Amino acid sequence: MTTSDADRSVIALLRENARMPVSEIARRLGVSRSTAQSRLERLERSGTIAGYMVRLSGEYDAAQIRAHLLVTVSPKLSGDVITAMEKMSAVRTVHSVSGSFDMIIIVEAPSVAELDTVIDTIGALKGVDRTMSSIVLSTRIDR
């Protein structure tokens, strides 16, 4: 599905606040409530909007320790590695990438010790050949 400028405007507002009332979306876009509601429903029906998420407070978020884990995986076992990581709640995101590593995995934990355990667990998975981690010190932009 192609998205129009108006669709992208709705998406931008929802990224700002996924619980924004339709009346507020309509007001900010300068359209009627019914127009905003129908556009939102169309985006949901088409699958462009697949769901809504929780955005955690800055205080909670700041208490989490995050790392980017670069991983090299045996090609025949990459599916098994991904399946194993899907079961790990500390794994937030898995990106398949080009370059000298196969994946970038974003992990988080409430302490350095727990983060260390998560990284060791991923490194020990059958099919993981090599890892390199970088702890996130701060996030400058998060959209």
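These numbers were taken from a predicted model, which means no experiment stands behind them.

Quick word on the UniProt feature "domain: HTH asnC-type" (unreviewed entry) in the chain
- Those residues carrying the UniProt feature "domain: HTH asnC-type" (unreviewed entry) are residues 7-64 in this numbering.
- Helix makes up 64% of residues 7-64 and strand 0%. Its end C-alpha atoms lie 33 Å apart.

Looking at the nonpolar core
- Val71, Met85, Val91, Ile105, Val107 and Ile122 are the most contacted members of the largest nonpolar core, which totals 19 residues.
- Once you skip the residues sitting within four places of it in the chain, Val71 turns out to touch Phe101, Asp102, Met103, Ile105, Val128, Arg130 and Thr131.

Here we look at the environment of Ile141
- Note that Ile141 resides in the segment after strand S4 (128-135).
- Taking the relative accessible area as the measure of exposure, Ile141 reaches 62% and is therefore exposed.
- Counting along the chain gives 13 residues from Ile141 to Val128, while the straight-line C-alpha distance between them is 31 Å.

Quick notes on the pairing of strand S2 (residues 91-96)
- Where S2 meets strand S3 (residues 103-109), five bridges bridge the pair, whose relative direction is antiparallel. Residue pairing across strands places Ser96 opposite Met103, the latter belonging to S3.
- The loop that links S2 with its antiparallel partner S3 comprises six residues; one of these, Gly99, has a positive phi angle of about 115°.

Quick word on a nonpolar patch on the surface
- A cluster of nonpolar side chains, contributed by Val54, Leu56 and Tyr60, occupies part of the molecular surface with about 320 Å² of accessible area.
- The residue Tyr60 is located in helix H4 (residues 58-62) in this model.
- On the accessibility criterion, Tyr60 (42% relative accessible area) is partly exposed.

Reading the values: rules and limits
Residues numbered from 1 in each chain as written. Predicted model: local features only at pLDDT ≥ 70, side-chain atom pairs only at ≥ 80, totals over all residues. Heavy atoms only, no water. UniProt positions renumbered as here; feature names shortened; annotations may be inferred. Helix = DSSP H or I, 4+ residues; strand = E, 2+ residues; numbered from the N terminus. Core = buried A, V, L, I, M, F, W, Y, C linked by side-chain atoms within 4.5 Å. Buried < 20%, exposed > 50% of the residue type's maximum accessible area, 1.4 Å probe, protein only. Contact = heavy atoms within 4.5 Å. Pairing = 2+ DSSP bridges. Patch = residues over 30% accessible without salt bridge, like charges linked within 9 Å, V, L, I, M, F, W, Y side chains within 5 Å. Areas by Shrake-Rupley, 256 points an atom, 1.4 Å probe, with all protein chains shown as cover. Salt bridge = Lys/Arg side-chain N within 4 Å of Asp/Glu carboxyl O.

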